[in-house]
Amino acid sequence: MAQVTVREAAIQDISQLKTLMIAYIVDFYQYRQPEDEKLNGLIHHLLEQKDGIQFVAESEEGKLVGFATLYFTFSTLRASKVAVMNDLYVIEAERGQGAAAKLFAACKGYAARHGYANLSWTTATDNLRAQAFYDKMGGDRSDWLTYSVNPTIGIGD
């Protein structure tokens with residue numbers, strides 16, 4: 001089993017991180033590839049660590065094999081700041097080797113060290129592998145349902 005090191009993403013990671021993010025978006029989730037300018041903007045914004053942070057898993061050879069993204073927000077119910085783990089991705093060849101657990105631990109530890117009241121995340125209902133992983137990591141399944149809508153301007157706006 002190859003060793004990976006997890007650390008905060010840095011400017012020198014941009015090229016490899018962008019490749020990983022495209023694999024995650026396009027190959028894994030089957031979404032349309034975002035515009036280059038938008039993806040670059042997101043990566044640079046996260047490097048500033050104001051609204052979020054990214055962690056990368058790096059192999060002994062210096063290759064990035066995974067990433068995790070935290071976004072920072074607030075919870076009215078908790079009257080406190082909370083972190084949302086929006087992404088946790090490891091390339092197929094490295095899955096089951098410990099990189100995901102290290103990325104998850106980095107996110108959980110960051111949230112604890114920085115005073116976040118909660119770390120939450122969602123995963124697809126058919127992503128049974130991820131669900132088993134999060135169960136193993138001590139995650140509590142929520143009774144809440146997640147909804148989303150594309151914003152539009154219409155009558156009454």
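In this text the structure is predicted, and so the values were computed from the model without any measurement.

A. Summary view of the sheet that holds strand β4 (residues 80–90). Taking strand neighbours across the sheet as the criterion, the five strands line up as β1-β2-β3-β4-β5 in an open arrangement whose pairing is mixed. Two strands in the sheet have a free side with no partner beyond their single neighbour: β1 (4–8) and β5 (119–120). Of the pairings in the sheet, the one linking β1 to strand β2 (residues 52–59) comprises five bridges and is antiparallel in character. Across the sheet, the residue bridging to Thr-5 is Glu-58, located in β2. Its contacts with the sheet place helix α1 (residues 14–28) against β2, β3 (64–75) and β4, and it is angled at close to 80° to β3. Sheet strands in contact with helix α3 (residues 99–113) are β1, β2, β3, β4 and β5, and its direction is about 165° off that of β4.

B. Main features of the nonpolar core. The biggest cluster of nonpolar side chains holds 40 residues, and the ones touching the most others in it are Leu-17, Phe-55, Phe-67, Leu-70, Met-85 and Leu-88. Breaking this core down by element, the ones donating at least two residues are α1, α2 (36–47), β2, β3, β4, α3 and α4 (128–136). Top element by residues in this core is α3. It accounts for eight residues.

C. Seen up close, the environment of Phe-104. Note that Phe-104 resides in helix α3. Assessed through its relative accessible area of 4%, Phe-104 is described here as buried. In this structure the C-alpha to C-alpha distance between Phe-104 and Thr-69, which are 35 residues apart in sequence, comes to 9.9 Å. When residues no more than four places from it in sequence are discounted, the contact partners of Phe-104 are Met-85, Leu-88, Trp-121, Phe-133, Tyr-134 and Met-137.

D. Looking closely at the side chain of Asp-87. Of note, Asp-87 is situated in strand β4. Buried charged residue Asp-87 carries no salt bridge. Nearest counter-charge: Arg-95, at 12 Å. Here the side chain of Asp-87 touches Thr-69 through a polar contact of 2.9 Å, side chain to side chain. A polar contact is formed between the side chain of Asp-87 and the side chain of Asn-86, at a distance of 3.3 Å.

E. Structural context of α4. Taken together, the buried positions of α4 are occupied by Ala-130, Gln-131, Phe-133 and Tyr-134. Here the buried residues of α4 occupy an arc of 160° about the axis, which is enough to place them on one side. Summarising the geometry of α4, the exposed residues directed more than 90 degrees from the buried face are Leu-128, Arg-129 and Lys-136. Buried positions along α4 lie against β4 and α3. Positive phi appears at Gly-138, one or two residues downstream of α4, with a value of about 90°.

F. Layout of the environment of Phe-67. Mapped onto the elements of the fold, Phe-67 is located in strand β3. Between the C-alpha atom of Phe-67 and that of Asp-27, which follows or precedes it by 40 residues, the distance is 15 Å.

G. Focus on the pattern of salt bridges. Considering all chains together, one arrives at seven salt bridges under this definition. Here Asp-13 makes a salt bridge to Arg-7, at a shortest N to O gap of 2.7 Å. On the basis of relative accessibility, which here comes to 22%, the residue Arg-7 falls in the partly exposed class. Arg-129 is the salt-bridge partner of Glu-92, the closest N and O atoms lying 3.9 Å from each other. Note that Glu-92 is positioned in the loop between β4 and α3 and Arg-129 in helix α4, a separation of 37 residues in sequence. Its relative accessible area of 52% is what places Glu-92 among the exposed residues. Put simply, Arg-7, Asp-13 and Glu-58 are held in one network by salt bridges that share partners.

Basis of the calculations
- Residues numbered from 1 in each chain as written.
- Predicted model: local features only at pLDDT ≥ 70, side-chain atom pairs only at ≥ 80, totals over all residues.
- Heavy atoms only, no water.
- Pairing = 2+ DSSP bridges.
- Helix = DSSP H or I, 4+ residues; strand = E, 2+ residues; numbered from the N terminus.
- Contact = heavy atoms within 4.5 Å.
- Axes fitted to C-alpha atoms, helices over the stretch in contact; angles between N-to-C directions.
- Core = buried A, V, L, I, M, F, W, Y, C linked by side-chain atoms within 4.5 Å.
- Buried < 20%, exposed > 50% of the residue type's maximum accessible area, 1.4 Å probe, protein only.
- Lys, Arg positive; Asp, Glu negative; His and termini not counted.
- Salt bridge = Lys/Arg side-chain N within 4 Å of Asp/Glu carboxyl O.
- Polar contact = N/O pair within 3.5 Å; in protein donor to acceptor, adjacent residues only side chain to side chain.
- Arc of directions from axis to C-beta.

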